[in-house]
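# Observations on the three-dimensional arrangement
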Amino acid sequence: MVWGDTNPLNPPAYRPHHCNDKNDQNRYFPFRRAMHQVPFLYRHIHKYHHEWRAPCAMATFYCHPLEHFLVNIGPLTVGPVLVGTHLSTAWLWYVLAQLSTTLAHSGYHFPFLPSSEAHDFHHSRGTQNYGGIGLLDWLHGTDGLFRSSPAYQLHFTLWGLTPARDIIRNKTRADDSNHKSQ
């Protein structure tokens, strides 16, 4: 990371963000999956984090110190270090990543922000949804139960203030009335 004369608000300063996100996801997913699928790692390290069956924001950082270093801090830091991200851009990256993780553990579905449904499902089952954005889960087939669950219907970004459950309920009612009229 560099703290220099470059302007962090200049568009080239944000180009590494794409690389940071891909590095984070490609390192986070395998560590997190291993924490679940290797019995020793789950029993002695990751189990602490899963004491929270219904996650809340405090559960975000409630974990074994080794897990916090390997799974939380490590993958998040590798991208900015590899691409030489400007220090202020790296700080912005860390803040946004921590905010995203805290929201994923909040149990709430806030408007204009990513849904927490996938991670809520992960904490309730423990064998699904290891990645942060879902792409690697889809590629590795570790989201099948989630995709077939009712929770998956609620897994979308809200673009208004209407709660997700009301949107689904109204859509179901509209579909039912369309089928009855035919």
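Residues numbered from 1 in each chain as written. Predicted model: local features only at pLDDT ≥ 70, side-chain atom pairs only at ≥ 80, totals over all residues. Heavy atoms only, no water.

Within the secondary structure, Val71 sits in helix α4 (residues 65–83). According to the relative accessible area criterion, Val71 is buried, its value standing at 2%. For the pair Val71 and Pro30, spaced 41 residues apart in sequence, the C-alpha to C-alpha distance is 9.1 Å. (Helix = DSSP H or I, 4+ residues; strand = E, 2+ residues; numbered from the N terminus. Buried < 20%, exposed > 50% of the residue type's maximum accessible area, 1.4 Å probe, protein only.)

Below, the discussion takes up the side chain of His109. With respect to the helices and strands, His109 occurs in the loop between α5 (87–104) and α6 (117–125). Among the polar contacts made by the side chain of His109, one reaches the main-chain carbonyl oxygen of Leu154 at a distance of 3.4 Å. Here Phe156 takes part through its backbone oxygen, which lies 2.6 Å from a polar atom of the side chain of His109. Apart from the residues lying within four places of it in its own chain, the contact partners of His109 are Ser115, Ser116, Glu117, Leu154, Phe156, Leu158 and Ala164. (Polar contact = N/O pair within 3.5 Å; in protein donor to acceptor, adjacent residues only side chain to side chain. Contact = heavy atoms within 4.5 Å.)

To continue, consider a nonpolar patch on the surface. A surface patch of nonpolar side chains, about 450 Å² in accessible area, is lined by Ile133, Leu135, Trp138 and Leu139. Inspection of the secondary structure puts Ile133 in the loop between α6 and α7 (135–140). Under the relative-accessibility criterion, Ile133 is labelled exposed at 53%. (Patch = residues over 30% accessible without salt bridge, like charges linked within 9 Å, V, L, I, M, F, W, Y side chains within 5 Å. Areas by Shrake-Rupley, 256 points an atom, 1.4 Å probe, with all protein chains shown as cover. Salt bridge = Lys/Arg side-chain N within 4 Å of Asp/Glu carboxyl O.)

Attention now moves to the confidence of the model for the chain. The predicted model of the chain averages 80 in pLDDT, with 80% of residues at 70 or higher. Long-range and interchain partners of residues 1–5, a stretch whose pLDDT sits below 50, account for 15 contacts in this model, where long-range means more than four residues apart. (pLDDT = per-residue confidence, 0-100.)

With 19 residues, α4 ought to run about 27 Å at 1.5 Å a step, and its terminal C-alpha atoms sit 26 Å apart, in line with that. Gly74 marks where α4 bends most, by close to 45 degrees; the proline Pro75 follows one to four residues later. Every buried residue of α4 is accounted for by Glu67, Val71, Pro75, Leu76, Gly79 and Pro80. Among the residues trailing α4, Gly84 stands out with phi positive, at a value near 70 degrees. (Expected span 1.5 Å × (residues − 1). Bend = angle between axes of the 7 residues up to and from the residue.)

Residues Leu76, Ala90, Trp93, Tyr94 and Ala97 constitute the largest nonpolar core, which totals five residues. A total of four residues in this core trace back to one element, the largest contributor, which is α5. (Core = buried A, V, L, I, M, F, W, Y, C linked by side-chain atoms within 4.5 Å.)

Moving on, we come to the environment of Tyr48. Turning to its location among the elements, Tyr48 is positioned in the loop between α3 (39–44) and α4. Linking Tyr48 and Ala59, residues 11 residues apart in sequence, is a C-alpha distance of 9.5 Å. Those residues within four positions of Tyr48 in sequence are excluded, and the remaining contacts are Tyr62, Cys63 and His64.

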